[in-house]
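# Secondary and tertiary structure notes
Okay, here's what each chain looks like letter by letter:
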Amino acid sequence: MSLEEKIGQLFITLKSKPGVDEKEIEETLMKYHQGGLRWQGGDMETVHLQNTTYQKLSTVPLLIAANCDEGGNGCIPEKGTFVATAAQAAAHESPDTAYHMGLVSSREATSIGCNWLFNPVADIYMNWRNTIVNTRCFGSDADVVLKNTRAFIKGVKDGNPNMACCIKHFPGDGVEELDQHLVFGINNLSVDEWNDTFGKVYRNLIEDGVETIMVGHIGLPEMSRKLRPGIKNEEIMPATIAPELLTDLLRGEMGFNGLLLTDATHMIGLSAVKSREEALPLAVAAGCDMILFANDLDEDMAFIKNGIEKNILSEERLNDAVTRILGLKAKLNLTDERVAIPEKELLYTNVNTEEHQNFRKLAAERCVTLVKDTANLIPVDPDKRKKVWLVYVQSAPTSIAYRPDPQRLVMVEELERAGFQVELAPCFYDLEAENGPGMMNFVKMLNKTSRKEFKEKYDLVLVVFNISGYAQENIVRVKWSQHHSVELPWYISEVPTIGISLNYTNHLIDIPQVKTFINSFGSSRDHIRATVDKLCGKSSFTGDVKEHYFCNRWETRL
């Protein structure tokens, strides 16, 4: 291979332009010789055509990756099967849910031409403020994380033995509250603490033979200080560009012989620490074999070439990286066109099947968790507490093209199916969208009526949270649609109130006075139906309450 071809193999590029232009794809491959591909958007037929076109036209087969934390919805948003979050899977003692997550992810990703999953997440949720791994990792216990990551990987292999797995984000997210999309993060565990937790998970999965590891833009200062005595604070770098963590620890002491790739290189955790011109060759020199995403591919490839000319990156290390890339492609049998290019028929036989939907239903039935019920409201009889005021709190809009969360109406429908009469609390976002900006929207949101009238009108309040987000703020918390509004939980002391989270597990920090709280872990109709059925006593809560749900506060337990 020429030097340019070797450098091209290092890059996993993002295909963000919609549509499939065969000539453009061929020209891109001929010019850049990329080693891997991710894509952004597109229906499943278009993505299948795009991915198979890339494979047919590439001289060297491509590693085509998908991010499937929760099931096939990660690679086929419009139709793929959401099975469960990792936090949900960890709420039940059986690893079956994690296995089903891997199985469905593998089958559905295969159908659109993927051969590499950037999963499972092997992080540990040690800080309840951490948004990034709140629902994406299998909890706060290393043994539980290990059990479920192993189950996920087994599911992947049973779905497609030629699908590679990638555990992430080495050396481990979840210890602090910061988001590496926004800042260079720090895992501040001592060497012994790290070895007993993250180290334990990684060592076992390496021994199991996991093929790839994604390296986070996360520092591990105490380990760096041990491995580089005398290292200065300003010399402590993200693992992505820290050879002591990748070459000495991960490759040397821990014996990992597979492929290492960076996390996305546009993240501030890397780009605020070093210029891109320095960071890219430093990452490969430190031990990363592939670079996730390019900024300007001509410029980025030149940065690698310049790094070789300046002796930042040796040709020996470049050759080693390329050998590992080609070795993984050979291991996955990608030179066999029957493996690399799936039949289009799989789109209609492997995606969102009845079996996959049943895995989601089973997960919801097993894992929806009654976090606390000190008010003894469960079960709720719809005949006795029939009139419900529903406060539905969704993520704050990020666009003027605001649309209400469609799962809000699913919640209403499922409550009505169970026999409740439901009235929705007003939402400032809706009022602004319907009426345009104006003071009367704010006035309407203040209208709480008299306490007497409210108590005569409603038997029960349900306050439901479906909040998510990342890469805009380090910690995502409950944000009511308007200050001083009727949404705020003044009603807790007036009418029996139940809180329900359809996503994050740490909302008790923002509504600690609610006496009855449920973690549902998902907003699909199956999750909402299972929640309503359990709320009414039609089935039992079997999810295991985790300590971190209470956010290290005594008042959240009352």
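Residues numbered from 1 in each chain as written. Predicted model: local features only at pLDDT ≥ 70, side-chain atom pairs only at ≥ 80, totals over all residues. Heavy atoms only, no water.

### Some points on the overall build of the protein
When its secondary structure is counted, the protein shows 22 helices and 16 strands. Relative to its length of 558 residues, the protein is compact, with a C-alpha radius of gyration of 25 Å against a globular reference of 24 Å. Its C-alpha atoms give the protein principal-axis dimensions of roughly 80 × 55 × 50 Å. Long-range pairs, those at least 24 residues apart, make up 78% of the contacts in the protein with a sequence separation of at least 6. Counting every atom, the protein has about 22,400 Å² of accessible surface; 48% of that belongs to carbon and sulfur. (Helix = DSSP H or I, 4+ residues; strand = E, 2+ residues; numbered from the N terminus. Rg over C-alpha atoms; globule rule 2.2 N^0.38 Å. Contact = heavy atoms within 4.5 Å. Areas by Shrake-Rupley, 256 points an atom, 1.4 Å probe, with all protein chains shown as cover.)

### A closer look at unusual backbone geometry
Residues Asn 119 and Pro 120 are joined by a peptide bond in cis, for which omega reads 5°. By the element assignment, Pro 120 lies in the loop between β4 (116–117) and α6 (142–159). Omega for the bond connecting Phe 170 with Pro 171 falls within 30 degrees of zero, at 5°, which places this linkage in the cis form. Positive phi outside glycine occurs at His 33, with the angle close to 55°. Structurally, His 33 can be placed in the loop between α2 (22–32) and β2 (36–39). Classification of His 33 as partly exposed rests on a relative accessible area of 22%. Look at Asn 352: it is not a glycine, yet its phi comes out positive at around 55°. Along the chain, the position of Asn 352 falls in the loop between α16 (346–349) and α17 (354–367). (Buried < 20%, exposed > 50% of the residue type's maximum accessible area, 1.4 Å probe, protein only.)

### A closer look at the sheet that holds strand β9 (residues 259–262)
Judged by pairing direction, the sheet is parallel, and its eight strands sit side by side in the order β9-β7-β5-β4-β3-β2-β1-β10 without closing on themselves. Either end of the sheet is taken by a strand with one partner, and the two such strands are β9 and β10 (291–292). Lying over the sheet, helix α13 (residues 297–309) contacts β1 (11–15) and β10, oriented at roughly 170° with respect to β1. (Pairing = 2+ DSSP bridges. Axes fitted to C-alpha atoms, helices over the stretch in contact; angles between N-to-C directions.)

### Details of the pattern of salt bridges
What the rule picks out here adds up to 38 salt bridges. A salt bridge links Lys 168 to Asp 69; the nearest nitrogen and oxygen atoms lie 3.8 Å apart. Placement of Lys 168 in strand β5 (residues 164–170) and of Asp 69 in the loop between β3 (63–66) and α4 (86–89) is noted, with a sequence separation of 99 residues between them. Judged by relative accessible area, which is 2%, Lys 168 ranks as buried. What makes Asp 69 buried here is its relative accessible area of 16%. Where Arg 129 meets Glu 177, a salt bridge forms, and the shortest distance between an N and an O atom there is 3.9 Å. Highlighted residues: Arg 129 in the loop between β4 and α6 and Glu 177 in the loop between β5 and β6 (185–186), separated in sequence by 48 residues. Residue class for Arg 129 comes out partly exposed when judged on its relative accessible area of 28%. On the basis of relative accessibility, which here comes to 29%, the residue Glu 177 falls in the partly exposed class. Salt bridges sharing partners connect three or more residues here, namely Glu 413, Glu 414, Arg 417, Arg 525, Arg 529 and Asp 533. (Salt bridge = Lys/Arg side-chain N within 4 Å of Asp/Glu carboxyl O.)

### Regarding a negative patch on the surface
Taken together, the side chains of Asp 21, Glu 22, Glu 26 and Glu 27 make up a negatively charged region of the molecular surface. The residue Glu 26 is located in helix α2 in this model. (Patch = residues over 30% accessible without salt bridge, like charges linked within 9 Å, V, L, I, M, F, W, Y side chains within 5 Å. Lys, Arg positive; Asp, Glu negative; His and termini not counted. Charge placed at Lys NZ, Arg CZ, Asp CG, Glu CD.)

### Re the packing of helix α12 (residues 276–286) against α13
Viewed as axis vectors pointing N to C, α12 and α13 meet at an angle of 65°, and their least axial separation amounts to 8 Å. Between α12 and α13 lies a crossing whose hand is right-handed. Where α12 approaches α13, its residues Arg 276, Glu 277, Leu 280, Pro 281 and Val 284 are matched on the opposing element by Asp 300, Phe 303, Ile 304, Asn 306 and Gly 307. Its residues assigned to classes, the contact of α12 with α13 comprises five nonpolar, two polar and three charged. (Left-handed = near helix turned anticlockwise from the far one by under 90°. Nonpolar A, V, L, I, M, F, W, Y, C, P; charged D, E, K, R; others polar.)

### A closer look at the packing of α2 against helix α3 (residues 44–57)
One way to put it is that α2 packs onto α3 with a least axis distance of 10 Å and a crossing angle of 45°. Relative to α3, α2 is oriented oblique. Viewed along their axes, α2 and α3 form a crossing whose handedness is right-handed. For the pair α2 and α3, contact is made by Glu 22, Ile 25, Glu 26 and Leu 29 and by Gln 50, Thr 53, Tyr 54 and Leu 57, respectively. When the residues that make up the contact of α2 with α3 are grouped by side-chain class, the tally is four nonpolar, two polar and two charged. (Parallel < 35°, antiparallel > 145°, perpendicular 65-115°, else oblique.)

### Focus on the sheet that holds strand β16 (residues 516–519)
Pairing is mixed in the open sheet, where six strands are placed in the order β11-β16-β15-β14-β12-β13. The open sheet terminates on both sides in strands that have one partner only, identified here as β11 (369–373) and β13 (421–424). Neighbour-to-neighbour, the strand axes of this sheet turn through a mean angle of 20°, independent of strand direction. As defined by bridge partners, strand β12 (residues 387–394) adjoins β13 across four bridges and the pair is classed as parallel. Considered in β13, the bridge of Val 388 is made with Val 422. Helix α18 (residues 407–417) rests against β12, β13 and β14 (460–466) of the sheet, and its axis sits at about 160° to β12.

### Some points on the pairing of β14
For β14, a buried count of seven out of seven residues is recorded, marking the element as mostly surrounded by other parts of the structure. Burial of β14 is two-sided: the residues Leu 460, Leu 462, Val 464 and Asn 466 facing one way and the residues Val 461, Val 463 and Phe 465 facing the other way are all buried.

### Quick look at the environment of Val 156
Tracing the backbone through its elements, the reader meets Val 156 in helix α6. By relative accessible area, Val 156 is classed as buried at 0%. Sequence separation between Val 156 and Glu 222 is 66 residues, and the spatial gap between their C-alpha atoms is 34 Å. The residues contacting Val 156, other than those within four sequence positions of it, are Gly 102, Leu 103, Ser 106, Leu 117, Met 163 and Cys 165.

### Brief notes about the pairing of β11
Of all the five residues making up β11, four are buried; the element is thus mostly covered by neighbouring parts of the structure. Summarising the sheet, β11 and β16 pair through four bridges and their orientation is antiparallel. Considered in β16, the bridge of Asp 373 is made with Thr 516.

### Description of the packing of aromatic side chains
The final tally for this structure, using the stated rule, is 13 aromatic pairs. With 5.2 Å between their ring centres and 85° between their planes, Phe 170 and Tyr 202 make a pair best called edge-to-face. Residue Phe 170 is found in strand β5, and its partner Tyr 202 is found in helix α8 (residues 198–208); the two are separated by 32 residues along the sequence. For the pair Phe 170 and Tyr 202, one class covers both residues: buried. Ring centres of Trp 490 and Tyr 491 lie 5.7 Å apart, and the angle between their planes is 70°; on these two criteria the pair is classed as edge-to-face. Assessed through its relative accessible area of 14%, Trp 490 is described here as buried. (Phe/Tyr/Trp six-rings, centres within 6.5 Å; stacked < 30°, edge-to-face > 60°.)

Such coordinate-based values are descriptive only and should not be taken to indicate function.
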